[in-house]
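Observations on the model geometry
As a plain string of letters, each chain reads:
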Amino acid sequence: MKIAIIVNLTKEKAILCTREIIALLKKGGADILMPPECKNYYKNEAVAICETVEQMFEQSDMAVTVGGDGTIIHAAKYAARSGTPLIGVNVGRLGFAANVEVNEIDSLSKLLNGGYTVENRTLLDVEVKKPGGSEHYLAVNDAVVAHGQLSKIVDLHLWLDGQEISKYRADGLLFSTPTGSTAYSLSAGGPILSPQMECILMTPVCPHSLFSRSVLFEGSAELAVTVNIPDQCSCLLTVDGEKNINILEDDRVIIRKSELKLKLLSVKSYNFYTKLNEKLKERELS
């Protein structure tokens, strides 16, 4: 079995924890693949260093991330495109998407004997249509259309299946997957959704109306946003907090459920809402 390992190299704890994971999985007979940036960190662990991240995922049977939710989200886009199942080890603060904590590393041995389950998570296909063409982005958690830094509020027009259904005067509109409902959307006042649902959650960010609330759309919906931007102001599309794209008045941002799925592995049984309550209590104390 070939297992890819992706590490948050900015965290010393993640680097050390990964050495334990490598030893555990190699002892069970697995071959370990790692991305090129890990070469100088794990040259004594007898792992295979791949030329590219894409190549690593294509050659792997499954993948393990070591870090926080940001590490999982970054790796998830490669995993979804290659169909590679993914599991996260949390060495961060909260780790909503991670299944394994640092003190539970031994449970990863279940990956080698089939002692795991697979959850299929909904992703978003975010298309930006500009006069000169269009480009697609994959979102694991969310996509946000909002005014730029130090900018005034903008008027955002929301379309459903080609028909305009509402106009918002707000800092922005946030479109979330069920997985992302516990991320930015939760902070913006959105509801918590079961991660197995297939739907799109829209939450206005700081709306200038007390009656503007989150709306849940079915998975088959095609949503779109156009904007009216005041002079000397700007508008941005942000995907998973990683990618920023400038949006102009002639542009159209289309949000739909992606045909791709994220396969998240679990090596232990858990109740999502029990885990959620535990993580939220940790957030209050941190």
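Attention in this report is confined to the structure presented alongside it.

About the cut-offs
Residues numbered from 1 in each chain as written. Predicted model: local features only at pLDDT ≥ 70, side-chain atom pairs only at ≥ 80, totals over all residues. Heavy atoms only, no water. Helix = DSSP H or I, 4+ residues; strand = E, 2+ residues; numbered from the N terminus. Rg over C-alpha atoms; globule rule 2.2 N^0.38 Å. Contact = heavy atoms within 4.5 Å. Areas by Shrake-Rupley, 256 points an atom, 1.4 Å probe, with all protein chains shown as cover. Salt bridge = Lys/Arg side-chain N within 4 Å of Asp/Glu carboxyl O. Buried < 20%, exposed > 50% of the residue type's maximum accessible area, 1.4 Å probe, protein only. Expected span 1.5 Å × (residues − 1). Bend = angle between axes of the 7 residues up to and from the residue. Pairing = 2+ DSSP bridges. Axes fitted to C-alpha atoms, helices over the stretch in contact; angles between N-to-C directions.

Of the regular secondary structure elements, the protein chain holds five helices and 18 strands. Expected size for 286 residues packed as a compact globule is a radius of gyration near 19 Å; at 20 Å, the protein chain falls within 12% of this value. For the protein chain, the spread of C-alpha atoms along the three principal axes comes to 60 × 40 × 35 Å. Taking the contacts inside the protein chain whose residues are at least 6 apart along the sequence as the reference set, 66% of them involve residues at least 24 apart. Accessible area for the protein chain stands at about 13800 Å²; split by element, carbon and sulfur atoms hold 48% of it.

It is worth spelling out the pattern of salt bridges at this point. A full pass over the atoms with the stated rule returns twelve salt bridges. For R121, the salt bridge is made with E119, and the minimal N-O distance between the two is 2.8 Å. Both residues of the pair, R121 and E119, belong to the buried class. Salt-bridge contacts for R169 lead to D155; the nearest nitrogen and oxygen are separated by 2.8 Å. In this pair, R169 sits in strand β11 (residues 163–170) while D155 sits in strand β10 (residues 154–160), placing the two residues 14 residues apart along the sequence. On the basis of relative accessible area, R169 is assigned to the partly exposed category, the value being 48%. Salt bridges sharing common partners tie together D125, E127, E222 and R256.

The terminal C-alpha atoms of helix α3 (residues 69–82) lie 20 Å apart, and with 14 residues this matches the ideal 20 Å at 1.5 Å per residue to within 8%. Of all the bends in α3, the greatest, near 35 degrees, is centred on A76. Turning to α3, its buried residues are T71, I72, I73, A75, A76, K77, A79 and A80. Where α3 terminates, the next one or two residues include G83, which has phi positive at roughly 75 degrees.

The next subject is the sheet that holds strand β13 (residues 199–205). Read from one edge to the other, the open sheet built from six strands follows the order β14-β13-β12-β9-β16-β17, with strand pairing classed as antiparallel. The open sheet has two edge strands, β14 (215–218) and β17 (243–246), and neither has a second partner. Strand-to-strand twist in this sheet, taken as the mean axis angle between neighbours without regard to direction, amounts to 20 degrees. Where strand β9 (residues 142–147) and strand β12 (residues 172–176) come together, five bridges link them in antiparallel fashion. Bridge pairing links D142 to S176 in β12.

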